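# A look at the structure
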Amino acid sequence: MNVEKRDGRGAVGQRAPRSGGRTTAQRTTRDTTTTAGGREGTRARGTRDYPTEGSAALRPAERSRTTAPATPRLRVAPPPPIRVPRAPFVGLILVLVVGGVLGILAVNTKINENAFRLERLQQQQAKLDVDEQELKKEIADQEAPGNLTANARKLGLVESADPAYIRLPDGETIGVPHPAEGGTADGQQGNGG
């Protein structure tokens, strides 16, 4: 692909140099300069031609060719200093500090409130534990054999002599069932049932 077509330039002739480069015309004029001996050659960059006769040897020789006006060298400029307004930054820091302190105070207050509530619930739990122990002791007292007999007599119950049993697989009755006989409880006769 042709360079002119690729770059979008339709101009005939030489193309524009890249940054810092030379055009073809500049290259050919420099390369064809001759030295004092009549030979063609290239000089090292930055060297000057000095005539060797008399006081003129101390001056640099004028260049015979015309040079294009020197373009300034491009260099990277430092970025402009960034000036951040201080008042909003200081205000933001103050808001963050005050917000943090208030947040810590709120959390601390909630923790203390929960600690008092926990203490109150622990006291209530201790009271309920004491009540449970008293109730268990009362149940154990009522389950004692002597108390059961006394309570049964208060209700009008009497002891039976020999009970009769029914064997479940075949339904046979073992023993003779008969009603229990006993005295009256508290002056009342039992209803037998």
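Definitions and cut-offs
- Throughout, residues of each chain are indexed from 1 in the direction in which the sequence is written.
- Owing to the predicted nature of the model, reporting of local features is limited to residues with pLDDT of at least 70; listing and counting of side-chain atom pairs is limited to 80 or more, with chain, interface and lining totals taken over all residues.
- Processing note: side-chain calculations cover all non-hydrogen atoms of the structure and skip hydrogens and water entirely.
- Helix numbering and strand numbering both begin at the N terminus, where a helix is a DSSP run of H or I of at least 4 residues and a strand a DSSP run of E of at least 2.
- Whether two residues are in contact is decided by their heavy atoms, any of which lying within 4.5 Å being enough.
- For every accessible area listed, the method is Shrake-Rupley and the probe measures 1.4 Å; residues are considered covered only by the protein chains on display.
- Each patch is assembled from residues with relative accessible area greater than 30% and no salt bridge, linking like charges that lie within 9 Å and nonpolar side chains (Val, Leu, Ile, Met, Phe, Trp, Tyr) that lie within 5 Å.
- When a carboxyl oxygen of Asp or Glu is within 4 Å of a side-chain nitrogen of Lys or Arg, the pair counts as a salt bridge.
- We call a residue buried when its accessible area falls under 20% of the maximum for its residue type, exposed when it is over 50%, and partly exposed in between, using a 1.4 Å probe and counting protein chains only.
- pLDDT expresses, on a scale from 0 to 100, how confident the predictor is about each individual residue.

Scanning the chain for helices and strands turns up 4 helices and 2 strands. The N-to-C order of helical and strand elements in the chain reads α-α-α-α-β-β. When contacts within the chain are restricted to residue pairs at least 6 apart in sequence, long-range pairs at least 24 apart make up 17% of them. In the form shown here, the chain has an accessible surface area of approximately 18400 Å², with 57% of it arising from carbon and sulfur atoms.

Together, Phe89, Val90, Leu92, Ile93, Leu94, Leu96, Val97, Val98, Val101, Leu102 and Leu105 make up an exposed nonpolar region whose accessible area comes to about 1000 Å². Relative to the assigned elements, Val98 resides in helix H3 (residues 86–142).

Bringing the pattern of salt bridges into the picture now. Tallying each qualifying case throughout the model produces 5 salt bridges. We note a salt bridge from Glu113 to Lys110, for which the minimum N-O separation is 3.6 Å. Here Lys110 and Glu113 lie together in helix H3, a separation of 3 residues that amounts to about one turn. Classification of Glu113 as partly exposed rests on a relative accessible area of 45%. Taken together, the salt bridges that share partners define one network made up of Arg167, Asp170 and Glu172.

To continue, consider the confidence of the model for the chain. Counting all residues, the mean pLDDT for the chain is 75, and 59% of those residues have values of 70 or more. Note that pLDDT drops below 50 for residues 31–41; the model gives that stretch 7 contacts with residues more than four away or on any other chain. In the model, residues 187–193 has pLDDT below 50 throughout and makes 2 contacts with residues more than four positions away in sequence or in other chains.

What follows is about the environment of Asn147. Mapped onto the elements, Asn147 comes out in helix H4 (residues 145–154). Overall, the relative accessible area of 34% leaves Asn147 in the partly exposed class. Leaving out residues up to four positions away in the same chain, Asn147 has contacts with Asp141 and Gln142.

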